[in-house]
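Fold and contact review
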Amino acid sequence: MTLLDWADALEQTAVGTAIRDSLWLFPVIEAVHLLGLALLGGAVLGVDLRLLGTGLRGRPLAYVARQLDPVLALALTVMVASGVPLFLSEAVKCYWSDAFRLKMATLAVALAFTFGVRRRVVRRDPPPGPWLARVTGLVSIALWLTVAASGRWIGFS
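Report on the accompanying structure. (Residues numbered from 1 in each chain as written. Predicted model: local features only at pLDDT ≥ 70, side-chain atom pairs only at ≥ 80, totals over all residues. Heavy atoms only, no water.)

Attention now goes to the overall build of the protein. Along the protein, the regular secondary structure elements total seven helices and zero strands. Projected onto its principal axes, the C-alpha positions of the protein cover 55 × 30 × 25 Å. Looking at the protein as a whole, 37% of its 157 residues are labelled buried. For the protein, the share of sequence-separated contacts (at least 6 apart) that also reach a separation of at least 24 residues comes to 77%. If you sum the accessible surface of the protein, you get close to 9,000 Å²; carbon and sulfur atoms cover 71% of it. (Helix = DSSP H or I, 4+ residues; strand = E, 2+ residues; numbered from the N terminus. Buried < 20%, exposed > 50% of the residue type's maximum accessible area, 1.4 Å probe, protein only. Contact = heavy atoms within 4.5 Å. Areas by Shrake-Rupley, 256 points an atom, 1.4 Å probe, with all protein chains shown as cover.)

What follows is the structure in structure tokens.
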């Protein structure tokens, strides 16, 4: 079985077929996915802007990160829970989509960076120097912006 055959089989599941055949399911699930993206953007930007020294400067970096960690977890849960059915409804399209491949590859890197590098930087004691903090914030923003932009690009490809 090739990867294309696998994508076709996923698309033919009951979930994929129901979403594809419904007038409203895809747009409703997409709206939930976008709400998750908004939550994710807020959680990521809250910490990253603090890393850049432009937001929430009155709060310690570790405090900001701890406060936004549950929002980040909720956002990722919402996005996975809505992204999987969206994928099932158009798996063959995603198979052929360069935008989808870029999104998935960048998503893997962004998750590894967020929960590996960035998490260590924000929890550092003493807090990181301005150079390390700024580079971490910029890389994080660039990665998540690429995930979001390539996800939007899927609709146009």
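So, on to the packing of helix 3 (residues 25–51) against helix 6 (residues 98–122). Packing of helix 3 against helix 6 brings their axes to within 13 Å, and their N-to-C directions diverge by 40 degrees. Handedness of the helix 3/helix 6 crossing: left-handed. Packed against helix 3, whose contacting residues are H33, V44, V47, D48 and L51, the element helix 6 presents K103, R118, V121 and V122 at the interface. In the contact of helix 3 with helix 6, the residues fall into five nonpolar, one polar and three charged. (Axes fitted to C-alpha atoms, helices over the stretch in contact; angles between N-to-C directions. Left-handed = near helix turned anticlockwise from the far one by under 90°. Nonpolar A, V, L, I, M, F, W, Y, C, P; charged D, E, K, R; others polar.)

Glancing now at the nonpolar core. Counting residues in each nonpolar core, the largest one holds 12 residues, listed as L40, A43, V44, L72, A75, L76, M79, A110, F113, L143, W144 and V147. Counting only elements with at least two residues in this core, the list comes to helix 3, helix 4 (61–89), helix 6 and helix 7 (130–154). Ranked by residues supplied to this core, first place goes to helix 4 with four residues. Contact partners of W144, with chain neighbours within four places excluded, come to L40, V44, L76, L107, A110, L111 and T114. (Core = buried A, V, L, I, M, F, W, Y, C linked by side-chain atoms within 4.5 Å.)

Further remarks concern the pattern of salt bridges. Where charged atoms from two side chains of opposite charge come close, those side chains can pair. Scanning the entire structure with this criterion turns up five salt bridges. Note that D69 is salt-bridged to R119, the shortest N-O span being 3.7 Å. One end of the pair, D69, is in helix 4; the other, R119, is in helix 6, with 50 residues separating them in the sequence. One salt bridge connects E90 with K93, and the closest N-O pair in it is separated by 4.0 Å. Judged by its relative accessible area of 30%, K93 is partly exposed. (Salt bridge = Lys/Arg side-chain N within 4 Å of Asp/Glu carboxyl O.)

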